[in-house]
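# A structural walkthrough
Here is what each chain is made of, one letter per residue.
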Amino acid sequence: MMMKNKNMFAANLQAVFEGYMDKEEILQLIEVPKQRDHGDLAFPCFTMAQHLRKSPGLIARQAAESMNKESFEKVEAVGPYVNVFLNKQQTANEVIGEIFDKQQDYGASVAGQGEVITIDMSSPNIAKPFSLGHLRSTVIGNSLALLAEKRGYTAVRINHLGDWGTQFGKLIAAYKRWGSKEQVSRDPIKELLALYVRFHHESEAFPELIEEGREWFKKLEDGDSEALQLWKWFREESLQEFNKIYELLGVYFDSTEGEAFFNDKMERIVDVLSAKNLLSKSAGAQVVQLIEAGMPPCLIKKSDGATLYATRDLAAAVYRKERYHFAKSLYVVGNEQSLHFNQLSAVLKKMGYSWWKDIRHISFGMVLKDGKKLSTRKGKVVLLEEVLKESMELASKNIEAKNPDLADKQSVAKSVGVGAVVFHDLKNHRNNDIEFSLKDMLRVEGETGPYVQYTYARACSLLRKGNFQLTGETLVCEEEAWPVVKVLAEFPNTINKAAENDDPSKIAKYVIDLAQEFNKFYANKRILEEGKHKYSRLSLTYAASVVLKEGLRLLGVDSPPEM
RNA sequence: GUCCCAGUAGCUCAGCAGGAUAGAGCAACAGCCUUCUAAGCUGUGGGUCACAGGUUCGAAUCCUGUCUGGGACACCA
């Protein structure tokens, strides 16, 4: 919609500047004024001033005068700018009409029709608590998947569980020394974590423990039945705990093939590397040199012959390409691993896979406490489950205080409590580090999930009370409704920007923006007041509700119709 | 030491394919509910956009350097 207006504006200007500037260039220059009284679109004349060697102010005045103004409400020159005001009535009818027409598909496209995007997300480590870092990966990945689907792609959500590696040797060693079946069964993650922490603590004084852990991992790799059994048990218990969280978050996976799944797929990678003469020995280890790419070498095999993270990820990348034929493969993993992913791409490139450039590391900032990284090894973790629990309790208290007669309080408390935490995680650009603050996460006023949900619930309430029904009559756009219409018109554009930049925060900001504009409208106009504006106001309310709900959905946040 | 990311209001952050007086939210203060959900709305105060150069008619936005913070840098993932 906005694009259409922009095109129209550009076409008109092009006619005026015939021979000096093509439409593409004009489109590039057209901008949205920051201030309301500067209109809806603006063209700065500085560049034209250089072409024509006249003052920008003069050009703006002449352009404003000679332009075809029929399709706009007003065209005026202000200083060096040509400002246009769109036809509010027509635009409102077009925008809201389109939303009525498409409903939740408003903003959808077919850009990715027939293509697959795999998304490596969440990927918690077995036997360790689900941390806030994993929450980030999970909700960012989920939102990117939803955005991809909105644009017609098939999204494959992959939970690459951290279910293999030397830490399991350590864990088994710790369990054998100090663990008990009863305790682990009672509270698996907590107990396993305690064992892991104790192992690290004690191995500072008794370094021989490290060796013991290494031996257990070797046994695990060699298929020792005791080791394998313990490993399976740890994995199973952990997965059950994780599933509770996924259920709360409303996230599902198409694949939970973790690291262990690739154990038998790595030899092939090593063979290819070897056949292509890419492997070299360095201090006993097998590496791929990446000097020409300006990177340190990528470790493929340890000096004891064991494989490494990179080997596994290479195997996983190849496997995913062969299985899913992805057009793009995203890895939602913390930014401290950017070197690893750069190395991964570089090695794939050397292996001759042309799709190396379709691999994309979607990095995100860390969750910090007192400005420092949280460390599992030192037991310094914030448990997501507890955060969610507190948030849901707070939501429950708020409902009790504000709307005690609400039906289905528990499910609303869940939606709002979880929504607050998810939204808080997504509202800022993913690359920012987040200082852990329970207070901020539980906030429900201002730029928060509950604020947006509240706005949606209010809109729903109006629609219920006003018995809103589509009649298709022509709408009247009041002055106060115009800002809402403009934001509504931007939704498709915002979706594209969010998807192109792998940036869900754009959607979060958008939805806040829309809620703010709608709330202003709500404060200024009695929507249910009988009279000639009622249908138009309710229509606007309806359109806003559709877009708020869909925006929240794209973030993985529920929209209860009442709260 | 090398590489990556960041430094905008007291706090959390937008804005950054250059453009008109730098915007929100929180916190503070002052208002608005016998009428559509006050998880809301309105107003006030608060800024040398880290610093220094450069490119440009024009820089928070682009380039270079400096400082500060964080992260990564071989047998963890």
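Here's a quick rundown of the structure.

## Observations regarding unusual backbone geometry
Here Ala127, not a glycine, exhibits a phi torsion of approximately 70 degrees, which is positive. Locating Ala127 in the fold gives a position in the loop between strand 4 (116-120) and helix 6 (132-150). Positive phi values are uncommon outside glycine, yet Asp408 reaches one of about 60 degrees. Structurally, Asp408 can be placed in the loop between helix 15 (384-402) and helix 16 (409-426). In this structure Asp408 comes out as exposed when scored by relative accessible area, which is 52%.

## Notes on the nonpolar core
Judged by nonpolar contacts, the single largest core of 140 residues is most densely connected at Phe9, Phe43, Val82, Ile119, Phe234, Val452 and Leu488. Looking at this core element by element, the count peaks at 12 residues for helix 21 (residues 534-555). Not counting residues up to four positions away in its chain, the partners in contact with Val452 are Phe423, Val511, Ile512, Ala515, Leu548 and Leu552. Judged by nonpolar contacts, the second largest core, of 34 residues, contains Ile269, Leu290, Ile300 and Ala310.

## Quick notes on the protein's contact with RNA strand B
Near RNA strand B you find 65 residues, and of these Lys34, Gln35, Tyr81, Lys302 and Tyr454 are the closest. In the interface set of RNA strand B, defined as its atoms within 4 Å of the protein, sugar plus phosphate atoms amount to 59%. Within the side chain of Tyr451, one N or O atom sits 2.7 Å away from a phosphate oxygen of RNA strand B. Lys465 has a polar side-chain atom sitting 2.3 Å from a phosphate oxygen of RNA strand B. Going through the elements one at a time, helix 3 (46-52), strand 3 (81-86), strand 7 (285-288), helix 15, helix 18 (449-465) and helix 20 (505-524) are the ones with two or more residues in the surface near RNA strand B. A per-element tally of the surface near RNA strand B places helix 18 first, with 8 residues. Among the residues forming the surface near RNA strand B, the class breakdown is 28 nonpolar, 18 polar and 19 charged.

## Things to note about the packing of helix 7 (residues 166-178) against helix 10 (residues 208-221)
In contact at an axis separation of 7 Å, helix 7 and helix 10 are set at 110 degrees when each is read in the N-to-C sense. Viewed along their axes, helix 7 and helix 10 adopt a mutual orientation that is roughly perpendicular. Between helix 7 and helix 10 lies a crossing whose hand is right-handed. Together, Thr166, Phe168, Gly169, Lys170, Ile172, Ala173, Lys176, Arg177 and Trp178 of helix 7 and Leu209, Glu212, Gly213, Trp216, Phe217 and Leu220 of helix 10 make up the contact between the two elements. Classifying every residue of the contact of helix 7 with helix 10 gives 8 nonpolar, 3 polar and 4 charged.

Conventions adopted
Each chain carries its own residue numbering, running from 1 in the direction its sequence is written. Whichever chain is written first becomes A and whichever ligand is written first becomes 1, with later ones labelled in order. For a predicted model such as this one, the threshold for reporting local features is a pLDDT of at least 70, and the threshold for listing and counting side-chain atom pairs is 80 or more; totals across whole chains, interfaces and linings nevertheless cover every residue. To obtain the side-chain values, all non-hydrogen atoms of the structure were used and water was disregarded. A helix here means a DSSP run of H or I that spans at least four residues, while a strand means a run of E at least two residues long, and both kinds are numbered starting from the N terminus. Think of it in three bands: with a 1.4 Å probe and only protein chains considered, a residue is buried below 20% of the maximum accessible area for its type, exposed above 50%, and partly exposed in between. Here, nonpolar core refers to any group of buried Ala, Val, Leu, Ile, Met, Phe, Trp, Tyr and Cys residues whose side-chain atoms link them within 4.5 Å. Between two residues, a contact is recorded if the distance between any of their heavy atoms is within 4.5 Å. Distances are taken per atom, and a residue is near a molecule or strand as soon as one of its heavy atoms is within 4 Å of it. Polar contacts, as used here, are pairs of N or O atoms within 3.5 Å; protein pairs need one atom able to donate a hydrogen and one able to accept it. Residues neighboring in sequence count only if both atoms are side-chain atoms. Note on residue categories: nonpolar means Ala, Val, Leu, Ile, Met, Phe, Trp, Tyr, Cys or Pro, charged means Asp, Glu, Lys or Arg, and polar means any other residue, Gly included. Note on method: axes are straight lines fitted to C-alpha atoms, helices fitted across the in-contact stretch only, with angles between N-to-C directions ranging 0 to 180 degrees. Here roughly perpendicular refers to angles of 65 to 115 degrees, roughly parallel to angles under 35, roughly antiparallel to angles over 145, and oblique to all remaining angles. The hand of a helix crossing depends on one turn: near helix anticlockwise from the far one by less than a right angle means left-handed, and clockwise means right-handed.

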